[in-house]
Every structure is written in structure tokens, then in C-alpha cells.
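Structural overview for review
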Amino acid sequence: SMASPALLMRVVASAYSVAEKAATIVRNVMAAGDLGIVEKTGANDLQTKADRLVQMSICASLARKFPKVTIIGEEELSTDEVTEELIEDGHCEEILKKTCPAQYTGIKEEELVIWVDPLDGTKEYTEGLLDHVTVLIGIAYGGKAIAGVINQPYYNYEAGSDAVLGRTIWGVLGIGAFGFQLTEAPAGKHIIVTTRSHSSTLVNDCISALNPDSVIRVGGAGNKVIQLIEGKASAYVYASPGCKKWDTCAPEAILHAVGGKITDIHGNSFQYNKEVKHMNSAGVLATLRNYDYYASRIPNTVKQSLVP
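Labelled according to an unreviewed UniProt entry, the protein appears under the name 3'(2'),5'-bisphosphate nucleotidase 1, originating from Ciconia maguari. Looking at the Sequence similarities (unreviewed entry) heading of the UniProt record, one finds this comment for the protein: "Belongs to the inositol monophosphatase superfamily." Under Cofactor (unreviewed entry), UniProt gives the following word-for-word description of the protein: "Mg(2+)".

Here you go:
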């Protein structure tokens, strides 16, 4: 008889279905028209009803199946009774058919940390920039991001009423990443993707120093990494604190699964063990290819301003 799939593959397979459920919640909240917006620390730090419901759905669904896994979500929520309609019990069969990489076959539940951003790009969501929005579920082991799921609830939303809305991208180190067409940015072009709503002198000085051919300003860390893996941008540069572990964990796993690289502005890799501080205080530098080209051009003044 077939051995049952390794824990990691079961977690990723469940996270896939949980992310699809999350996307449905995100779309339903928007369609109902009352976003229930709350300002957390200010006008650029928002929380909506979708953030709250999605986080409850993801965390409760995964905790029910994998009770010893540590799950860390962006929103601080009271652990009120989660209604049964928020629970997703399904999994993606395709993922269970993949062979778990040997180095991950012995993982126990208590060794995994799941980082959840229920709605990455909340500000864009409230402004109707729906293609910026992602749901992020990142899976870490030994402090490293090893697997991730990114759902874009509104992928294709401008393609007409008969288009299939939404997609789910997933990846595991040692297997690869799926659900999109891997594309490299045009050779010799330096296209930088950066923040849309959290700009600063430092952010802009850093980008100018890289002498880019063009700069794309979009919301959401998940969305920015998608720009890299689909060849729309050659580097994601963010010389500022503000990005958190739940923003980078899932995108990092997917980017690394296809041979890309993400670090802070100093070139330090991110740590995802459960005790780690949540803020990526030294910014973000990510590429699908040619990481060293960009890393070598980050000005020292920028590095000195950002303490890891």
C-alpha cells in the first residue's frame, strides 16, 4: 500500500484549499459592499472585515487539521467561536501526488511555523486596485521559508465576465512552483517594483541609485514577487522598515523554489522561527535572476539607515 503523504505535503495541500476558501470570502465581502474598515496605526495601515474573516478561516481550518503547528497571523483577533462556515476541510489532490523532498520527510507538526497574511494589499483592496491583493500562507521549518501558497482572488478580474476569477500559486523548495508561467524580465532591462503607499526619501533615493529603466509602484509584497516570477520586473526593492514576516514568508518560498533570491537590504536572509521579531526592519531586496547586480549597487548611506 502507498505510504500516507508526508506531513509537509499534507499541510501544503490543505493550505491550497484553505487559500481558495479565503479568496471566496474576500470576494464575498467586496460584493456585499460593507468592507468594515478599521484604521490600525493610521490611514495607510487598514484592516477590513475581509482581513478578519479570512484570518479566522485560515488559522482555524489549519489548526483543526494540524493542532501542533504554530500559526502566526497578521491580525490581532479575539479567539471568538469561529463559525463552521469559515472552516475549510478540503485539500488539493495534485499536491499530495508530488514526492516530498527527502530533507523534509521527517518533519513533525511542532517543527512547522505557518505565517499568514490574510489580505496582503489591504489599502489597495479598499481602493479597488483588486489585482494587487493576495492571500499569503507561508510555511517555515528550521527558521527557513520552505513552502508557500499565494492566492490572487481577483486575478483576471479585468478580462470580462466570463473569465475565471482568481488563481492559486504554490511552491515547495526542492519541487518547484506551480500555477503561473515562469518568465524572466527582459535581458538588460532594470525594472524595479516597489511600494505604492509607503514611499519615503530613503525608498526613492535607493531606487534612483540603481538607475532603473523604469519603476513600477504596486501594493502588496505577494504581488511584487509575482511581478518578478512573471517577468514584469527584474528587482523588488524596498529600503524601509514596514514589511513583516507574514508578508515575505510565502513569496520567499515560491521565489526560492524557482531559483530566485530575497534578503533584507544588507543581504541577510530572513528568519521565520516562531520567536523571531515580526518586522523586517532592514527592508527587502528580491530578484528572480541577477541578485548580485542589484545588491552591489545598494548605497552605503541606505544600508547605514536601516538596522536589521
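There's more to say after this.
1. Observations regarding the overall build of the protein
Along the backbone of the protein there are nine helices and 13 strands. For the protein, whose C-alpha radius of gyration is 18 Å, the value lies close to the compact-globule estimate of 19 Å for 308 residues. The C-alpha extent of the protein, read off along each of the three principal axes, is 55 × 45 × 40 Å. The 308 residues of the protein split such that 54% are buried. In the protein, of all internal contacts separated by at least 6 residues, the share reaching a separation of at least 24 is 72%. Here the protein has roughly 13,100 Å² of accessible surface; of this, 49% comes from carbon and sulfur atoms.

2. Structural notes on unusual backbone geometry
In this structure, N211 takes a positive phi of about 50° despite not being glycine. Along the chain, the position of N211 falls in the loop between α5 (201–209) and β10 (214–217). Of the residues examined, N211 reaches a relative accessible area of 62% and is grouped as exposed. At N290, a residue that is not glycine, the phi angle is positive and equals roughly 60°. Here N290 is to be found in the loop between β13 (284–287) and α8 (291–295).

3. Looking at the UniProt feature "binding site: Mg(2+)" (unreviewed entry) in the protein
Mapped onto this structure's residue numbering, the UniProt feature "binding site: Mg(2+)" (unreviewed entry) falls at E74, D117, L119, D120 and D247. With the annotated positions falling across 174 residues, the maximum pairwise C-alpha distance of 9.6 Å places them together in a single cluster. Among the secondary structure elements, D120 is positioned in strand β4 (residues 112–120). For D120, a relative accessible area of 5% puts it in the buried group. Discounting residues that sit within four places of it in the chain, D120 has contacts with H132, V133, T134, L136, G220, A221, G222, N223 and D247. Within the structure, the side chain of D120 is placed 2.8 Å from the backbone nitrogen of A221, a separation counted as a polar contact. Tracing the backbone shows D247 in helix α7 (residues 245–257). Classification of D247 by relative accessible area gives buried; the value is 10%. Look past the residues within four positions of D247 in its chain and what remains in contact with it is D117, D120, L136, A221 and G242. Among the polar contacts listed, one links the side chain of D247 to the backbone nitrogen of K244, at a separation of 2.7 Å.

4. Structural notes on the packing of helix α6 (residues 221–229) against α7
Here α6 crosses α7 at 15°, and the two axes come no closer than 9 Å. Put simply, α6 runs roughly parallel to α7. As for the relative orientation of α6 and α7, their crossing is right-handed in sense. Only D247, P251, I254 and L255 of α7 make contact with α6, whose side of the interface consists of A221, G222, V225, L228 and I229. Looking at side-chain class alone, the contact of α6 with α7 contains seven nonpolar, one polar and one charged residues.

5. Looking at the sheet that holds strand β6 (residues 144–152)
Here we have six strands laid out as an open sheet, ordered β3-β4-β5-β6-β7-β8, and mixed in their pairing. Edge positions in the sheet fall to β3 (70–73) and β8 (176–178), since each has one partner strand and no second. Adjacent strand axes in the sheet meet at a mean angle of 15° when their direction is disregarded. Of the strand pairs in this sheet, β4 and strand β5 (residues 134–141) are connected by seven bridges, and their pairing is antiparallel. Each bridged residue has a counterpart across the sheet, and for D120 the counterpart in β5 is T134. Sheet strands touched by α7: β3, β4, β5, β6, β7 (167–172) and β8. Its angle to β6, the strand with the most contacts, is close to 100°.

6. Brief notes about the pairing of β4
For a regular strand, the rule is simple: side chains alternate between the two faces of the sheet. Across the nine residues of β4, nine count as buried, placing the element largely inside the fold. Direction of pairing for β3 relative to β4: parallel, over a ladder of four bridges. The residue of β4 that forms the bridge with T70 is V113.

Rules used throughout
- Residues numbered from 1 in each chain as written.
- Predicted model: local features only at pLDDT ≥ 70, side-chain atom pairs only at ≥ 80, totals over all residues.
- Heavy atoms only, no water.
- UniProt positions renumbered as here; feature names shortened; annotations may be inferred.
- Helix = DSSP H or I, 4+ residues; strand = E, 2+ residues; numbered from the N terminus.
- Rg over C-alpha atoms; globule rule 2.2 N^0.38 Å.
- Buried < 20%, exposed > 50% of the residue type's maximum accessible area, 1.4 Å probe, protein only.
- Contact = heavy atoms within 4.5 Å.
- Areas by Shrake-Rupley, 256 points an atom, 1.4 Å probe, with all protein chains shown as cover.
- Polar contact = N/O pair within 3.5 Å; in protein donor to acceptor, adjacent residues only side chain to side chain.
- Axes fitted to C-alpha atoms, helices over the stretch in contact; angles between N-to-C directions.
- Parallel < 35°, antiparallel > 145°, perpendicular 65-115°, else oblique.
- Left-handed = near helix turned anticlockwise from the far one by under 90°.
- Nonpolar A, V, L, I, M, F, W, Y, C, P; charged D, E, K, R; others polar.
- Pairing = 2+ DSSP bridges.

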